[in-house]
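Letter by letter, the chains look like this.
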Amino acid sequence: MKVILILSAVLWLIIVGGGLHYVYSYENKPALGKTSPPQTFPVESSIILNNRQPNLLFFAHPQCPCTRAGINELARLMTMIQGRVSARVIFFKPADAEQKWAETDSWRNAAAIPSVQVSVDEDGREALRFNAETSGTTLLYDANGHLKFHGGITASRGHEGDNAGRSAIAEIVTRDLGITVETSAFGCSLFDNKTLQKVIEGTN
């Protein structure tokens, strides 16, 4: 009986340990984008480049729970650089979905951030133009349309707090650094294979 209890305890520890390892690995595993964003602001984009100040773009999936942390980090970032950038949150929405599908808590939280515009990206067409594949992907282009930052503004999946992305953008904007910085993005995929193929076929 004692041996059975010991074996049961060991088995339980293995299961719990494996579960914790999986959760930790998942939270800290960055999304692996297949392509990099364009080095210059796409002229075919429906988003108008502000040629007076840097342009900050945050691509988001409204149904992704990880995105809430990214939106909160964006709010913190904007308190640091408010008035210095033109900022927009672009929410993915399937063309056949109703508007309310996109208007989640993440949408409302983003819309509440001062000086941030919120818009819908039908079938992710803008995300495709900017090669943004992951919710939370953040891009910074200068007033001349040159890429200065791409990546994420959370330290891990769904976690808030100090992170390299937020700090880098603040430094680039406030100190006018002449470099391009890349960090890892953590979040849900903006596209499933079916949606992505549908959009690609529609653009050909």
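Up top is the structure.
Residues numbered from 1 in each chain as written. Predicted model: local features only at pLDDT ≥ 70, side-chain atom pairs only at ≥ 80, totals over all residues. Heavy atoms only, no water.

A. How the structure looks around the overall build of the protein chain. The number of helices and strands found in the protein chain is seven helices and six strands. Reading the protein chain from its N end, one meets helices and strands in the order α-β-α-β-α-α-β-α-β-β-α-β-α. Across the 204 residues in the protein chain, those meeting the buried criterion constitute 43%. Here the contacts in the protein chain between residues at least 6 apart in sequence split such that 78% fall between residues at least 24 apart. With the model as given, the accessible surface of the protein chain reaches about 11200 Å², and the carbon-plus-sulfur share is 55%. (Helix = DSSP H or I, 4+ residues; strand = E, 2+ residues; numbered from the N terminus. Buried < 20%, exposed > 50% of the residue type's maximum accessible area, 1.4 Å probe, protein only. Contact = heavy atoms within 4.5 Å. Areas by Shrake-Rupley, 256 points an atom, 1.4 Å probe, with all protein chains shown as cover.)

B. Spotlight on unusual backbone geometry. With a phi close to 70°, S115 is a non-glycine residue in the positive phi region. Within the secondary structure, S115 sits in the loop between α4 (105-111) and β3 (116-122). Unlike most non-glycine residues, N131 shows phi in positive territory, near 55°. One can find N131 in the loop between α5 (125-129) and β4 (138-141). Residue N131 is classed as partly exposed on the basis of its relative accessible area, which comes to 29%.

C. Quick look at helix α2 (residues 67-81). Given a rise of 1.5 Å per residue, 15 residues ought to cover 21 Å, and the 21 Å separating the end C-alpha atoms of α2 matches this to within 8%. Those residues of α2 that fall on the buried side of the exposure criterion are T67, A69, G70, I71, E73, L74, L77, M78 and I81. Residues of α2 that are buried make contact with β1 (55-60), β2 (86-93), α4, β3 and α6 (164-175). Phi turns positive, to about 90°, at G83, one or two residues after α2. (Expected span 1.5 Å × (residues − 1).)

D. Region of the structure containing the pattern of salt bridges. Applying the stated criterion across every chain, the model contains nine salt bridges. Between R76 and E160 there is a salt bridge, and its shortest N-O distance comes to 2.8 Å. Of this pair, R76 sits in helix α2 while E160 sits in the loop between β5 (147-151) and α6; the two residues are 84 residues apart in sequence, bridging distant segments of the chain. Here R108 makes a salt bridge to D105, at a shortest N to O gap of 2.7 Å. Placement of the pair is R108 and D105 together in helix α4, with a separation of three residues, close to one helical turn. Here the residues in one salt-bridge network are E73, R76, E160, D162 and R166, joined through shared partners. (Salt bridge = Lys/Arg side-chain N within 4 Å of Asp/Glu carboxyl O.)

E. Representation of the state of the cysteines. All told, the structure shown has one disulfide when counted by the stated rule. Here C64 connects covalently by a disulfide to C188, the sulfurs 2.4 Å from one another. Sign of the S-S torsion, about 75° for the bond between C64 and C188, identifies this disulfide as right-handed. Of this pair, C64 sits in the loop between β1 and α2 while C188 sits in the loop between β6 (181-182) and α7 (193-203), placing them 124 residues apart in sequence. Exposure remark for C64: the relative accessible area of 3% places this residue in the buried category. The thiol of C66 is not disulfide-bonded; the next cysteine sulfur, from C64, is found 3.9 Å away. (Disulfide = S-S within 2.5 Å.)

F. Representation of the environment of V116 in the model. By the element assignment, V116 lies in strand β3. Residues V116 and S86, 30 residues apart in the sequence, show an inter-C-alpha distance of 7.5 Å. Here V116 is in contact with M78, A87, V89 and A110, once residues within four sequence places are set aside.

G. Main features of the sheet that holds β2. The mixed open sheet is built from six strands, whose spatial order is β3-β2-β1-β4-β5-β6. Both outer strands of the open sheet, β3 and β6, are each paired with one neighbouring strand and no more. Strand direction decides the pairing type here: β1 and β2, joined by six bridges, are parallel. What sits directly across from L57, in β2, is R88. Across the sheet, α2 is in contact with β1, β2 and β3; its angle to β1 comes to roughly 165°. (Pairing = 2+ DSSP bridges. Axes fitted to C-alpha atoms, helices over the stretch in contact; angles between N-to-C directions.)

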